[in-house]
Every structure is written in C-alpha cells, then in structure tokens.
Amino acid sequence: MTGGRGATDASSEFAVDAGGLRFHAVSWGPADGVPLLALHGFPQHARSWDRVAPLLAEQGIRTVAFDQRGYSPEARVPLDQYTLDAVVADAVGVADALGWDRVHLAGFGQGALQSWSTAAAHPDRIASLTALRFPHPAAFAEGVRTDPAQRRAWDELESMSPPRPAAEQLLRDDAAGLRAFLAASGMRPELVRETVARLRDPEVLEAAVAWHLIPVEAMAEVPPVAVPALYVFSQGPALLPATAALCARFARGPFRMVELDEGGHWLLDTAAVRISALIGEHIRAAEAEAARA
C-alpha cells in the first residue's frame, strides 16, 4: 500500500495481466465501491489520477487506473501494435482481469479517445463514459477535415512522428524540447520535472509518442456512443472549441457537455475537485437510471 492523509487517500499498486501484456495498475477507494476504470493520456501514467481518485473514493467509487500500452515496461510493444483496436482491447482486457463485467469509464486526452472508442465498441460493458478534453473521435476527425485551424493545431502534434526520432529530438539538450512542450501546454513546473524524469529513456518516450500513430482516418470510423456520456472541455493545445461542439452529434444516449473556464489542459491536476464532482454526479445518475430500468 502507498498512502496519503487518510483512508480515502490510500492507494494500492499491483499488476494486471491482459491480452498477453502486463500492466502496472493503481487502485483507490472501497473494494466494494462502484467500479470506475480510469485511462490516462499523453505523456502521463496511472498516478495522474492521484488528485481525483481519492475524492471519488469519498463518494464510494472504486477507481482503477493502469499505466497504458507502452507506458508499462511489460506492455511495450512493436510500433505497429499501437492501434485503436488494440487500446480498446487493453481497456476491456483490464476490466475482465478485474472481474468487472460492467464498468464506468473515464479518460483524459488520449485516454478519452480510447474511452469513446471502447464505449462505442462495447456498449454492453460500459455503464457510463466521462471524456476529458478529447471529443468523440469522429467529431475530432470531422473538425480536422473541415476546419483549417483545427488541421493546423493537430499537425503540430503530428510532427511527433516517426516516434523514435521524435523522442530523441524531444530529449536532446537535457530534454529541452519536451520541457518546452509541456510548459507551453500549461503543466506546472514540478509536474514537468516529474514527467521529464520518468520519460528520459528514449525507448520509454518513444512508446508514449507511438500513440500518435493512431490515424485520424481510424478515428473517423468510430461509431456514435449509446451509453450515458459526459464530455468535459477546456481550453488547451490541439483542440478548438468548434471541434468540441461537434461532439453531441455522435452521442445517441444521454449526453452532457460541460465547458470549464478554468483549469487549462491538465484537468486531472488543475481542477481535481471539479472533475471528481462531475464524474461522481455522472456515475450516480447513470446508476440511478440503470436501477429504474
């Protein structure tokens, strides 16, 4: 066990085997709590939920997050295995390993891309979806296709390819490029230092960058979601408000969009209280609706 100030701050680290890979995972909250699978984004890890998950635990929610494909040392795969189907299978496989037949899902950034796609592919397994920052993948693809400003914003991130040269460039001169990228996106200096220290090995950063190999064309093929969906948008890199507004067109079930004026990109760090309240409210509403059905 690793812990904080009290029972709801306590967390447990363990390994999860799924799909022939081994993922490092962290859990928070009561063992019999409402199950929530939390998916991190680039270039974070399971501990990026450290500020949000204890607050969810106070609401009776059992959160499990895992270091994703490429981030967990024993889940570092060849570059052709960073696909949308593969990361969806990771989420479902981890839920299976946890014994969760039906689970609430929350994702940030690339984890939100993964969450939308998982909910679309496996609506029978997902009780509710909370997506932070990244909209429905098909909405994002439409924005990139139709809005030159959105295309330019995305092209800035697409420069992180191929992954190995991109990682080496970001790490050159004491990781000056990576530090500048993270600082420009609004990450706190102490979190920049932690992130750079964790990703100093080019092999590790290459695996994180490899998620950018998921093409916009694959995003465009993701069907609408039918599960209860909450989308939280805030200002930040790579995503324009006009693209975020397209998200509702790809929701067939209950849908709510919340736009935060504060917090910037790194919502799990900067707006933990607000995010935990939104997720908890959304989960309780979905649970109540399921009980009435």
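This report concerns the structure included in the present document. Predicted, not measured: the structure shown is a model, and the values here were computed from it.

Okay, the environment of Cys 247 next. As for its placement among the helices and strands, Cys 247 is situated in the loop between α10 (241–244) and β8 (255–260). Considering only alpha carbons, one finds Cys 247 and Ser 115, 132 residues apart in sequence, at a separation of 14 Å. Not counting residues up to four positions away in its chain, the partners in contact with Cys 247 are Trp 116, Pro 135, His 136, Ala 139, Tyr 231 and Phe 255.

End to end, helix α12 (residues 272–292) covers 30 Å across 21 residues, agreeing with the expected 30 Å (1.5 Å per residue, within 8%). Regarding α12, the residues found buried are Ala 272, Ile 275, Ser 276, Leu 278, Ile 279, Gly 280, His 282, Ile 283 and Ala 286.

Bringing unusual backbone geometry into the picture now. Cis geometry is adopted by the peptide bond preceding Pro 43, which originates at Phe 42 and carries an omega value of -10°. If you trace the backbone, Pro 43 turns up in the loop between β3 (34–39) and α1 (53–57). Phi is positive for Asp 174, which is not a glycine, with a value near 60°. Locating Asp 174 in the fold gives a position in helix α6 (residues 163–184). Here the phi dihedral of Ala 175 falls at roughly 60°; this positive angle occurs in a residue that is not glycine. If you trace the backbone, Ala 175 turns up in helix α6. The class for Ala 175 is buried, based on a relative accessible area of 0%.

This part takes up the packing of helix α4 (residues 137–146) against helix α5 (residues 148–158). Remark: α4 packs on α5, axes separated minimally by 5 Å, with the N-to-C direction vectors making an angle of 110°. When the interaxial angle is binned, α4 and α5 end up roughly perpendicular. Only Pro 148, Gln 150, Arg 151 and Trp 154 of α5 make contact with α4, whose side of the interface consists of Phe 140, Gly 143, Val 144 and Thr 146. Of the residues that constitute the contact of α4 with α5, the class distribution is four nonpolar, three polar and one charged.

Burial within β3 is extensive, with five of its six residues counted as buried. The sheet contact formed by β3 and strand β4 (residues 61–66) spans five bridges and is parallel. Bridging across to β4, Val 34 finds its partner in Ile 61. When β3 meets strand β5 (residues 103–108), the two strands line up parallel, connected through four bridges.

Attention now goes to the packing of aromatic side chains. Evaluation of the coordinates by the stated rule reveals six aromatic pairs. Between Phe 23 and Phe 66 the ring centres are 5.1 Å apart and the planes differ by 70°, which places this aromatic pair in the edge-to-face class. Here the residue Phe 23 occupies a position in strand β2 (residues 21–28), and Phe 66 occupies one in strand β4, the gap between them amounting to 43 residues. Each ring, one from Phe 108 and one from Trp 266, has its centre 6.0 Å from the other, and the planes form 35°; the classification is tilted. You can see Phe 108 sitting in strand β5 and its partner Trp 266 sitting in the loop between β8 and α11 (267–270), a full 158 residues away along the chain.

Right, let's get into the packing of α6 against helix α7 (residues 189–198). In a packed pair of helices, the relevant descriptors are the angle between the two axes and the axis-to-axis distance. It is the contact of α6 with α7, at a shortest axis distance of 10 Å, that shows an interaxial angle of 140°. Relative to α7, α6 is oriented oblique. Taken as a pair, α6 and α7 cross one another with a handedness that is right-handed. For the pair formed by α6 and α7, the contact residues are Ala 175, Leu 178, Arg 179, Leu 182 and Ala 183 on the first element and Val 192, Thr 195 and Val 196 on the second. Residues of the contact of α6 with α7, tallied by class, amount to six nonpolar, one polar and one charged.

Once that is clear, we can look at the pairing of β2. Burial of β2 is extensive: six of the eight residues sit out of reach of the surface. As paired elements, strand β1 (residues 11–18) and β2 share eight bridges and run antiparallel to each other. Across the sheet, Phe 14 pairs through a bridge with Ala 25, a residue of β2. What sits between the antiparallel neighbours β1 and β2 is a turn of two residues, in which Gly 19 has the positive phi angle 60°. Inspection of the sheet shows β2 paired to β4 by four bridges, in the antiparallel sense.

The next subject is the nonpolar core. Ranked by size, the top nonpolar core spans 97 residues in total, and within it Leu 37, Trp 49, Leu 178, Ile 275 and Ile 279 carry the most contacts. Sequence-distant contacts of Leu 178, defined by excluding residues within four places in its chain, comprise Leu 170, Leu 171, Val 196, Leu 199 and Leu 205.

Moving on, we get to empty space enclosed by the protein. Tallied over the entire structure, the rule returns two cavities of 30 Å³ or more. The computed volume of the largest cavity comes to approximately 330 Å³. Gln 110, Phe 134, Leu 157, Ala 238 and His 265 are the residues nearest the centre of the largest cavity, which is lined by 19 residues in total. Going through the elements one at a time, α3 (110–121) and α5 are the ones with two or more residues in the lining of the largest cavity.

Criteria and cut-off values
Along every chain, residues carry numbers that run from 1 in the direction the sequence is written. Where local features are concerned, this predicted model is filtered to residues with pLDDT of at least 70; where side-chain atom pairs are given and counted, the filter is 80 or more; whole-chain, interface and lining totals use all residues. The side-chain quantities take in all heavy atoms of the structure and omit both hydrogens and water. Runs of E in the DSSP output that reach at least two residues are strands. Runs of H or I that reach at least four are helices, and both are numbered from the N terminus. Contact criterion: two residues are considered in contact whenever any of their non-hydrogen atoms come within 4.5 Å of each other. A helix is expected to span 1.5 Å multiplied by its residue count minus one. The buried label goes to any residue with under 20% of its type's maximum accessible area, the exposed label to any with over 50%, and the partly exposed label to all in between, with areas taken from a 1.4 Å probe on protein chains only. An axis is simply a line fitted to the C-alpha atoms; with a helix, the fit covers only the stretch in contact. Between two such axes, the angle follows the N-to-C directions and lies from 0 to 180 degrees. Each angle receives one of four descriptions, namely roughly parallel if under 35 degrees, roughly antiparallel if over 145, roughly perpendicular if within 65 to 115, and oblique otherwise. Basically, the charged four are Asp, Glu, Lys and Arg, the nonpolar ten are Ala, Val, Leu, Ile, Met, Phe, Trp, Tyr, Cys and Pro, and anything else, Gly included, counts as polar. Each pair of strands is called paired provided DSSP finds at least two bridges between the two strands. Geometry of aromatic contacts follows a simple scheme: Phe, Tyr and Trp rings, the Trp one being its six-membered ring, pair when their centres are within 6.5 Å, and the pair is stacked under 30 degrees between planes, edge-to-face over 60, tilted otherwise. Two helices crossing with the near one rotated counterclockwise from the far one by less than a right angle form a left-handed crossing, whereas a clockwise rotation gives a right-handed crossing. Among buried residues, those of type Ala, Val, Leu, Ile, Met, Phe, Trp, Tyr and Cys that are joined through side-chain atoms within 4.5 Å constitute a nonpolar core. A cavity here means a set of 1 Å grid points, computed over protein atoms only, where a 1.4 Å probe fits but cannot escape. A pocket is an open set with protein on both sides within 12 Å along at least 5 of 7 lines, and lining residues have an atom within 4 Å of a point. Grid points are joined across faces, edges and corners, and a volume is the space filled by probe spheres set on the points.

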